[in-house]
Amino acid sequence: MLQWLDTLIGLVVILLAVSLVVMILTQIIVAMLNLRGYNLKNGIEILLKNTGTDISAYAEKITSTVLTHPLISDKKRNSGRWSLATTITQTELINILEMISKTGVEAWQVQLKNSLENINKNINQWFDSVMFRTSQAFIKHTRVWTVIFSIVIAFALHLDFLRLFEQISNNPELRASLVASSNAILNQADEVIGSSSIIPAVYYKSISQLKLEDKTGTAD
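As the structure is a prediction and not an experimental result, all values here were calculated from the model.

About the thresholds
Residues numbered from 1 in each chain as written. Predicted model: local features only at pLDDT ≥ 70, side-chain atom pairs only at ≥ 80, totals over all residues. Heavy atoms only, no water. Helix = DSSP H or I, 4+ residues; strand = E, 2+ residues; numbered from the N terminus. Expected span 1.5 Å × (residues − 1). Buried < 20%, exposed > 50% of the residue type's maximum accessible area, 1.4 Å probe, protein only. Salt bridge = Lys/Arg side-chain N within 4 Å of Asp/Glu carboxyl O. Axes fitted to C-alpha atoms, helices over the stretch in contact; angles between N-to-C directions. Left-handed = near helix turned anticlockwise from the far one by under 90°. Contact = heavy atoms within 4.5 Å. Nonpolar A, V, L, I, M, F, W, Y, C, P; charged D, E, K, R; others polar. Core = buried A, V, L, I, M, F, W, Y, C linked by side-chain atoms within 4.5 Å. Arc of directions from axis to C-beta.

(A) Up close: helix H2 (residues 35-49). In a regular helix each residue adds 1.5 Å, so 15 residues correspond to 21 Å; H2 covers 21 Å between its end C-alpha atoms and thus fits that length. Of the residues making up H2, those classed as buried are Leu 35, Gly 37, Asn 39, Leu 40, Lys 41, Gly 43, Ile 44, Glu 45, Leu 47 and Leu 48.

What follows is the structure, given as structure tokens:
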């Protein structure tokens, strides 16, 4: 009975370690492609294009200006999506729009100033809904990359659940080594999940409470 329990613990350790690698790779892609900023830009563009004003023709220009404003973005590089802010509040959006409408005389700034009242009403009404859908789009993109990395790693390492189970169950040294490393893997998982930008806090709280318990005589 203890052998089967240790075998299951060993399997969980291996699968958790692979999951951590996938998660880390996904976080790298999220950071490199600035997926948060990219999806936020799309969301605000949709919000501005549906204000019922002529400002929709300038929605992309206005959105880029807002999300690269020094009061919103902490990124100094002016290089496309990498300079986009990754988060913005409703109040910040309204304040920045008002600010940039007063700082120039270009056609889009004049149109923005003339439409500001209607734009603010639209933002007050639809901001939360648009941001919710923006978050869903971001999650969808991260899931796509997670699936891609999972498939690549599974094929690269030739991961086979039944073969792993057989190897662990028939190799006492490997089994003991995996059980002994369970605490370290769990602690590493806690650290990675806790700092992850792609896992909602509610899920982290649930995962962080999970602990593998050694039933062979000593508790973790």
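So that's the structure; there's more coming.
(B) Just the pattern of salt bridges, in detail. If you walk through the whole model with that rule in mind, you get four salt bridges. For Glu 60, the salt bridge is made with Lys 41, and the minimal N-O distance between the two is 3.8 Å. Separated by 19 residues along the polypeptide, Glu 60 in helix H3 (residues 59-67) and Lys 41 in helix H2 bring together distant segments of the chain. Notably, a salt bridge pairs Lys 121 with Glu 117, separated by 3.9 Å at the nearest N-O pair.

(C) Representation of the packing of H2 against helix H5 (residues 107-156) in the model. Relative orientation of the contacting elements H2 and H5 amounts to 145 degrees, with a least axis distance of 8 Å. Note that H2 runs across H5; the crossing there is right-handed. Across the interface between the two elements, Leu 35, Arg 36, Tyr 38, Asn 39, Leu 40, Gly 43, Ile 44, Leu 47 and Leu 48 of H2 pack against Ile 119, Asn 122, Ile 123, Trp 126, Phe 127, Val 130, Met 131, Thr 134, Ala 137, Phe 138, His 141 and Trp 145 of H5. In terms of residue class, the contact of H2 with H5 is made up of 15 nonpolar, five polar and one charged.

(D) Geometry of the nonpolar core. Ile 62, Val 66, Leu 93, Leu 97 and Leu 112 are the most contacted members of the largest nonpolar core, which totals 26 residues. Of all the secondary structure elements, the ones that give two or more residues to this core are H2, H3, helix H4 (90-101) and H5. The leading source of residues in this core is H5, at eight residues. Sequence-distant contacts of Ile 62, defined by excluding residues within four places in its chain, comprise Leu 48, Ile 55, Leu 97, Ile 100, Trp 108 and Leu 112. Of all hydrophobic cores here, the second largest spans eight residues; its members include Ile 9, Ile 14, Ile 168 and Leu 178.

(E) Highlighting H3. All buried positions along H3 are accounted for by Ala 59, Ile 62, Thr 63, Val 66 and Leu 67. Along the axis of H3, the buried positions cluster into a sector of 120 degrees, meaning they face one direction only. If you follow the buried residues of H3, they end up packed against H2, H4 and H5.

(F) Spotlight on unusual backbone geometry. Look at Asn 34: it is not a glycine, yet its phi comes out positive at around 45 degrees. Structurally, the position occupied by Asn 34 is in the loop between helix H1 (2-32) and H2.

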